[in-house]
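# Results of the structural survey
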Amino acid sequence: MTVALALTVGVLYAVGTWLLLQRTLSRIILGLAMLTHGANLLLLLAGGRAGRPPLTGDAGAGGYADPLPQALALTAVVITFGTTVFLLALAYRSFAVTSSDEVQDDVEDRRVTRLGGGEEP
Amino acid sequence: MRFLLTLPVVLPLAGAGISMAIARHPWAQRVLGLAVTTAVLGVSLWLLVVVDQQGPMATQLGGWPAPIGISFVADRLSAVLVAVAAAMSLAVLVFAIGQGAAVGAAVVFHPVYLILAAGVSAAFLTGDLFTLFVSFEVMLTASYVLISLGARPEQLRATMTYVVVSLTASMLFLTALGLVYAATGTVNMADLADRLGALPGGVRLAVGLLLLVVFGVKAAIFPLFPWLPDAYPTAASPVTAIFAGLLTKVGVYAIIRTETLLLGGDGTPAWLLLAVAAATMLVGILGAVVQDDMKRILSFNIVSHVGFMLFGLGLFSLAGLAGAIFYVVHHVVVQTSLFLVEGLVEQEEGSGALHSVGGLLDRTPLLALLFGLPALSLAGVPPFSGFVAKLALVEAGLAGGRGLVVAVSLAASLLTLLSMGRIWGSLFWRTPAGHAVAAVHGGEEPETAELRVPRSLAAMRAATAALVILGLAVALFARPLYGFSERAAADLLRPGVYRTAVLGR
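Notes on the structure in this doc start here.

Definitions and limits used
Residues numbered from 1 in each chain as written. Chains lettered and ligands numbered in written order. Predicted model: local features only at pLDDT ≥ 70, side-chain atom pairs only at ≥ 80, totals over all residues. Helix = DSSP H or I, 4+ residues; strand = E, 2+ residues; numbered from the N terminus. Rg over C-alpha atoms; globule rule 2.2 N^0.38 Å. Contact = placed C-beta atoms within 7 Å. Nonpolar A, V, L, I, M, F, W, Y, C, P; charged D, E, K, R; others polar. Expected span 1.5 Å × (residues − 1). Bend = angle between axes of the 7 residues up to and from the residue. Buried ≥ 20, exposed ≤ 12 C-beta atoms within 10 Å, placed from the backbone. Core = buried A, V, L, I, M, F, W, Y, C linked by C-beta atoms within 7 Å.

## Remarks on the overall build of chain A
Broken down by element type, chain A carries four helices and zero strands. For 121 residues, the compact-globule estimate of 2.2 N^0.38 gives 14 Å, and chain A exceeds it by more than 25% at 21 Å. Based on the C-alpha atoms only, the size of chain A along its principal axes is roughly 75 × 25 × 20 Å. Excluding contacts between residues fewer than 6 apart, the proportion of contacts in chain A whose partners are at least 24 apart in sequence is 49%.

## Focus: the interface of chain A and chain B
Facing the 28 residues of chain A at the interface are 24 residues of chain B. Going through the elements one at a time, α2 (25-46) and α3 (67-98) of chain A are the ones with two or more residues in the side of chain A that touches chain B. Of the residues that constitute the side of chain A that touches chain B, the class distribution is 19 nonpolar, seven polar and two charged.

## Quick word on helix α10 (residues 237-262) of chain B
Side chains of residues three or four places apart in an α-helix project in the same direction, reflecting 3.6 residues per turn. All names here are of chain B. When the terminal C-alpha atoms of α10 are compared, their 37 Å separation across 26 residues agrees well with the 38 Å that a helix rising 1.5 Å per residue should span. F243 marks where α10 bends most, by close to 35 degrees. The buried count for α10 comes to 26 of 26 residues, which makes it a mostly enclosed element. At the C-terminal side of α10, G264 shows a positive phi close to 60 degrees.

## Let's talk about the nonpolar core
Residue and element names in this part refer to chain B. In terms of nonpolar packing, the biggest core is built from 214 residues, with V80, V84, L177, I325 and V329 touching the most fellow members. Residue contributions to this core peak at 19 residues, all from helix α3 (residues 76-99). Excluding anything up to four places from it in sequence, V80 contacts L48, V329, F484 and A488.

## Brief notes about unusual backbone geometry
Of the consecutive residues P382 of chain B and P383 of chain B, the connecting peptide bond is found in the cis state with omega at 10 degrees. Tracing the backbone through its elements, the reader meets P383 of chain B in the loop between α15 (365-379) and α16 (385-399). Positioned with a positive phi, S99 of chain A is a non-glycine residue whose angle comes to about 50 degrees. If you trace the backbone, S99 of chain A turns up in the loop between α3 and α4 (107-115). Phi is positive for F316 of chain B, which is not a glycine, with a value near 50 degrees. With respect to the helices, strands and loops of the structure, F316 of chain B is situated in the loop between α12 (294-315) and α13 (318-349). On the basis of neighbour counts, which here come to 19 C-beta atoms within 10 Å, the residue F316 of chain B falls in the partly exposed class.

Written out as structure tokens, the structure reads:
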């Protein structure tokens, strides 16, 4: 069980990193989402074995699941949800302005292109 | 006195909520913003005095004892940073309100600005690693909104990079949290300090390096800084000023806190910190020297000066840490005032591009004074605060036998003077160029269009002058301030004090 989850975390991180290194904004956002899922799953894994819900009854020591990582993961989910929505809005706005989904060159990139005699895109 | 601990966070958060509700009355929003930031400044100065007299104090949210509950802790380092941050928030808010157009007019500006202030205070005061993550997110999410206010295409591009880099760092932070919890079973920093010590060296090194990378992105240290000079200059001047003063310093604070309290100085090798510090100083300032835009020059300067703070930490001696703390206080004040001056220049000239400005010495001699004093201080010319801060670091470096890094820091100071000299030469000594005059009288550059007439130029100048005078005061009261920094550094080197305050044992 834990091995399978650990492998899932690894795959999510790998896919997320790969997508993050792409040039299109939509893929970058998807990559960040993958990374987020990986990190949240890792938080859950950090809590150790699964157990009974720590709400009622008496399962004795070690019988309950550790609630803290779940609370942490829940907080992280809420935060990343908000920022992902902001990022999507930003990407849409950027698409509306430049009509392209690609990351634009920054000021230094453009300067280097100019110095090298190339044409500005 | 414990209620003081949460007020710098609660006040601005409550203020932000009310500010959002009264969005239809811009004047009420402005009054509320000023009232809240003034109150936070008062509370944090009070906190500073109390903490300096009685030593570190802590409070547990919801009454759950640590390490179960969330602790808020103020030791001398936290208290002084909260106070300085509050002073900057107030001054920059006055400046933004005076500028009126662009950011000051947006309905969301005031609530989001207060949320940013709350996030910064929370990051300094929290005694819980996960709450530090949440504070970072609160602060950064507010900064995403502030940096993209106006939504010019160039801003959108820079904001995108800024947000993606910040979020990636946040996900690494979350990963580090997961690993730390898996290894120790706690996220309370005082408790972690005990438990991390019992872990094998390899695990400690991994945790230390991961946290260094995470906070290094936020603090803009050497290989992780390129997002900063790209993103900061695109925002409106008051926004850049508050970012420059506070955001990177939160990263620096987090690095100092983790290296001293959590890892006790052997988390990451000292040579690594010193090498990164030297590279940050040098690469940052070399970037500044070749830029043409005033905001970009100042932004590269932030990077370079973060290196100085890291240098003090890397020495890991009382003198080094005291120097680093003094440097942070000095740099926050000076760098913020320089960015406010840049805002005044933009107001005057319509742009901060060095090739299109000139002749300001005759038109506004006051501006020359306001720029000259902090610029000399930034470069470390005696008798300003920068000189005191650099002297402390150089002496600590020589005492620690790190001559090479000291040499690099002196070279970086000299280059800082050069970069400030270039700004001075273009702004004040050159006769006004023809197109600069055109820019003033109805120029068509994108920045000009949104500046228009300020609501109150006097308020903008007063805010800038207040910070410049505060910078001079840092130099004037250098002796008591350095004494304070030494006491703060001594606290950091004896993590037991912090643990006792939080855990009560």
